[in-house]
Structure formats: C-alpha cells, structure tokens
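In case you want the letters, here they are:
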Amino acid sequence: MTAPPTPRHRHYLPHDTLLSVVRHTPLVSIDLVCRNARGEVLLGLRQNRPAQGTWFVPGGRILKDERVADALRRIAAAELGLQPDEVAARPLGVFEHLYPDNFSGTEDVTTHYVVLAYAVTVGEDSVRSLDSQHSALQWWPVDALRASDAVHVNTRAYFDDGIRSTRTP
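1. A short note on the overall build of the protein
Then, number 1: Scanning the protein from N- to C-terminus turns up five helices and seven strands.
Then, number 2: Secondary structure elements of the protein, listed N to C terminal, follow the sequence α-β-β-β-β-α-β-β-β-α-α-α.
Then, number 3: Out of the 169 residues in the protein, the part that is buried amounts to 41%.
Then, number 4: Here the analysis covers contacts within the protein between residues at least 6 apart in sequence; of these, 72% occur between residues at least 24 apart.

Below you can see the structure in the form of structure tokens.
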C-alpha cells in the first residue's frame, strides 16, 4: 500500500464549512512550546477566539491531507517566521483543549481540539514575525507563566508535571 501523494495546495475551509466542522467534530492541531537558551517560553497574546485575550503558545490546525511534519513547519513559519531548517521539534504528547466558544463567536458552538504538542528550542533572534492572531509576543520564565492568570490554563498545563507525566511518550 502506498501513501497518497502530498497535495500541492492546502485548502483552508470556507467560514460556514469550518463552523460546521467545529460544531460536529474535534479539530487536530499543533502547539509549539518554544524555549530560548535561558529556558523561557515564547507566548503570544491572542486576538482571536477561542482563548482571545490570553497568553498562549503558538499553534494552529493541521489541514486536510497535510502531513504532521509539514504542518509543523507551516505553523512555525506563519506564526513565528521560522525557516524550515530552524524547526527541530520534539514531541511532548497529546493534549485536549475544550473551549466554550469558537473562532466565529457563534452562540452554542464549542470548540474541541486534539493537540499534538511539540517542544522547539529557538534563538531569540530567530523569531522574525508577529502574525495577525497575536498582538504581542513575549518570553516568559516558566515560574511566571505557571503563576499568571493571564496565561491560558491550556498553556499552563504544558508545565504541570502531573499532566505532563501522563502525556509524555
């Protein structure tokens, strides 16, 4: 059995189609837990739903027919401006994120993500861009992000030893 060919163009879903998917199924996504040489973690202040107005690790959905490795590189390039050779990622495990809202603000539609989390070590000068989903990027010491209510609980979970020990492969 051979693997299907990698498509040349990834397809983002139209708004109404994506809303239907969010209403009826979980989404599969990647989160990038980026650390610098000091062990600080890069967080972005989210402008979009879900988790709007909170500090969160960079990440995004895996697109239909997109391989995980390709999605990881695409997300790192889109959200951080990283080049493919700058993305050396180590799996942290599989997590679930449940939100009471959704990307469009439509009432009575929750969002469920199955998240593949990856650890990425980057140089502070490697992060070249700020995408439209974040109003700011900031390096956080782990103790500070664990203690801050401004950091989303799903991001803080990546640093909770009790949760991580059950998720790490």
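2. Focus on the packing of aromatic side chains
Then, number 1: Under the counting rule described, the total for this entry stands at three aromatic pairs.
Then, number 2: Between F95 and Y158, the aromatic rings sit 4.7 Å apart at their centres with planes inclined by 85°, giving edge-to-face as the arrangement. Here F95, found in strand β5 (residues 89–99), pairs with Y158, found in the loop between α4 (153–156) and α5 (161–167); they are 63 residues apart in sequence, far enough to count as distant.
Then, number 3: For Y158, a relative accessible area of 1% translates into the label buried.
Then, number 4: Ring geometry for Y99 and Y113: centres 6.0 Å apart, planes at 85°, overall edge-to-face. One end of the pair, Y99, is in strand β5; the other, Y113, is in strand β6 (residues 111–121), and 14 residues separate them in sequence.
Then, number 5: Above the plane of the ring of F56 lies R46, whose end atom (NZ or CZ) is 5.7 Å from the centre.

3. Some words on the side chain of S148
Then, number 1: Note that S148 resides in the loop between α3 (142–147) and α4.
Then, number 2: With residues up to four places along the chain from it excluded, the contact list for S148 reads W140 and R156.

4. Some details on helix α2 (residues 68–80)
Then, number 1: Look at α2: 17 Å from first C-alpha to last across 13 residues, which is about the 18 Å you get at 1.5 Å a residue.
Then, number 2: Those residues of α2 that are buried lie in contact with β1 (27–35), β2 (41–46), β4 (59–61), β5, β6 and β7 (134–140).

5. Here we look at the nonpolar core
Then, number 1: With 25 residues, the main nonpolar core has V33, V41, L43, V57, L145, Y158 and F159 as its most contacted residues.
Then, number 2: Put simply, the parts of the chain that give this core at least two residues each are α1 (15–24), β1, β2, β3 (55–56), β5, β6 and α3.
Then, number 3: The element that contributes the greatest number of residues to this core is β6, accounting for four residues.
Then, number 4: Counting 18 residues, the second-largest nonpolar core is a separate cluster that includes L72, L80, L116 and V127.

The rules behind these values
Residues numbered from 1 in each chain as written. Predicted model: local features only at pLDDT ≥ 70, side-chain atom pairs only at ≥ 80, totals over all residues. Heavy atoms only, no water. Helix = DSSP H or I, 4+ residues; strand = E, 2+ residues; numbered from the N terminus. Buried < 20%, exposed > 50% of the residue type's maximum accessible area, 1.4 Å probe, protein only. Contact = heavy atoms within 4.5 Å. Phe/Tyr/Trp six-rings, centres within 6.5 Å; stacked < 30°, edge-to-face > 60°. Lys NZ or Arg CZ within 6 Å of the ring centre and 35° of its normal. Expected span 1.5 Å × (residues − 1). Core = buried A, V, L, I, M, F, W, Y, C linked by side-chain atoms within 4.5 Å.

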